[in-house]
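# Coordinates in review
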Amino acid sequence: MNSTINVLENRCSIRSYLDQELMVEEKETILNAAYRAPTAGNMMLYSIIEVESKQIKEKLVETCDNQPFIKKAPFVLIFLADYQRWFDYYQHSQVEEFCQQQGIPYRFPQEGDLMIACSDALIAAQNAVIAAESMGIGSCYIGDIMENYEVHREMFDLPPYVFPIAMVCFGYPANKPDQPRPRFDGKFIRFKDSYRRLSPDELDEMFNEREALLFKNRPELNGAVNFGQFQYRRKFGADFSQEMSRSVRAAMARWLEH
Ligand SMILES: Cc1cc2nc3c(=O)[nH]c(=O)nc-3n(C[C@H](O)[C@H](O)[C@H](O)COP(=O)(O)O)c2cc1C
C-alpha cells in the first residue's frame, strides 16, 4: 500500500485538539493543496475564509448547532461556493454589452452555477483535509455552516453569489479512534451501468451491523425500536436538518433573484 492510500484508509474525523497552533508553513501547505484540487473550467469557483477571531469561533459554535469543539480548533476554514468573483469580472469586462452586440443571451448565476461552485469548494476542502492528515493534523467538517444563512451572511459579509458550503476544523489530535469508523459494504454502494434500488432484505442486511451495535442489550432507544427510527430522529428529522433546508432555501432565493 502506498502512503497516499494509507492516509486515505486511516483518516478519521477529529473533534478534540491539542492546544497547539499550526505553523504558518503547515497552514500554507494545507491551503496550497486546496488550490491544487481539480476545479471546473480551471475557474476556482470558491473562496476560503480563515476564521482567526476567537469571538467569531465562539459565535460559530452557536450558529453551527452548538458544537463546542469549533472554538478549540486552532485552524478553521470556511469553504465558500463563489460565483461572485467571476460574475463581477464578467460585469467588469462589459459582458452585457458584448452579449447585446453578439446577439447571445446575458444571464445571471443560476442553480447549475451554484451546484458546480459547491462541487469546486468541496473538492478543494477535501484536498485540504487529506494534506492535513498526511502531516498528522486532524480535521472535521462542519456541515452546519449551511444553517443560519442570514446570520452567516452578516458575519462574513457574503454577497448574493457566495454560499458557505462547508467549514473544516483542523488541529493536532488530542485523541484518535483506535480504528477508522466503519463504512457500509461496497456492494450496497457501487452499481454497474445503472442505478438499482435496494430490496427490503438488502436494506436489512445493509443496516444490520449498525443496528446490532446500537441496540445491543436494549429493545428500544429513545422510543425507537430500530436503527432507521433512531437515525431519523437524530439526523433527518432533527431541528438542525430542518434549519439547514430553510437556510439553504433562503440563500438560493437570494442567488436566484435575477
Ligand atoms: C458534509 C459533511 C458534514 C459534516 N458535518 C459534521 C458536523 O457538523 N459535526 C461533526 O462533528 N462532524 C461532521 N462531519 C463528520 C462526519 O460525522 C464523519 O465524517 C462521519 O461520522 C464518518 O466518520 P469519519 O470521518 O471519522 O470516518 C461531517 C462530514 C461531512 C462529509
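Shown above is the structure to which this text applies.
In short, a report on the structure. Here the residue numbers are simple positions, counted from 1 along each chain's written sequence. pLDDT decides what is reported in this predicted model: residues at 70 or higher carry local features, side-chain atom pairs at 80 or more are listed and counted, and totals for whole chains, interfaces and linings draw on all residues regardless.

## What about the overall build of the chain?
Note the following rule: Segments assigned H or I by DSSP are reported as helices when at least four residues long, segments assigned E as strands when at least two residues long, and all are numbered from the N terminus. Counting other C-beta atoms within 10 Å of each residue's C-beta, where C-beta atoms are placed from the backbone, gives the exposure class: buried for 20 or more, exposed for 12 or fewer, partly exposed between. We call two residues in contact when the distance between their C-beta atoms, placed using the backbone, is within 7 Å.
For the chain, the helix and strand inventory stands at 11 helices and four strands. Its C-alpha atoms put the chain at 70 × 45 × 40 Å along the principal axes. Looking at the chain as a whole, 24% of its 258 residues are labelled buried. In the chain, the proportion of contacts linking residues at least 24 apart, taken out of those at least 6 apart, comes to 80%.

## Quick word on the sheet that holds strand β2 (residues 75-82)
Note the threshold: Between any two strands, pairing holds if DSSP finds at least two bridges. Lines fitted to C-alpha atoms define the axes, with helix axes restricted to the stretch in contact, and inter-axis angles between N-to-C directions lie between 0 and 180 degrees.
Pairing within the open sheet is antiparallel, and its four strands lie in the order β1-β2-β4-β3. If you trace the sheet from one side to the other, it starts and ends with β1 (46-50) and β3 (138-142), each paired once. Averaged over all adjacent pairs, the angle separating strand axes in this sheet is 25 degrees, with direction ignored. With five bridges connecting them, β1 and β2 associate as antiparallel partners. Among the inter-strand pairings, Ser47 is bridged to a residue of β2, identified as Leu80.

## A short note on the packing of helix α2 (residues 24-35) against helix α7 (residues 111-134)
Heads up, the rule is: Any angle between 65 and 115 degrees counts as roughly perpendicular, while under 35 counts as roughly parallel, over 145 as roughly antiparallel, and the rest as oblique. In this scheme the crossing of two helices becomes right-handed for a clockwise turn of the near helix relative to the far one and left-handed for an anticlockwise turn of less than a right angle. Each residue gets one label: Ala, Val, Leu, Ile, Met, Phe, Trp, Tyr, Cys and Pro are nonpolar, Asp, Glu, Lys and Arg are charged, and the others, such as Gly, are polar.
Following both chains from N to C, one finds α2 and α7 inclined at 140 degrees, their axes separated by 7 Å at the closest point. In terms of orientation, α2 lies oblique with respect to α7. Judged by the sense of rotation from one axis to the other, the crossing of α2 with α7 is right-handed. From α2, Thr29, Ile30, Leu31, Ala33 and Ala34 reach across to α7, where they touch Ala124, Ala125, Asn127, Ala128, Ala131 and Ala132. Residues of the contact of α2 with α7, tallied by class, amount to nine nonpolar, two polar and no charged.

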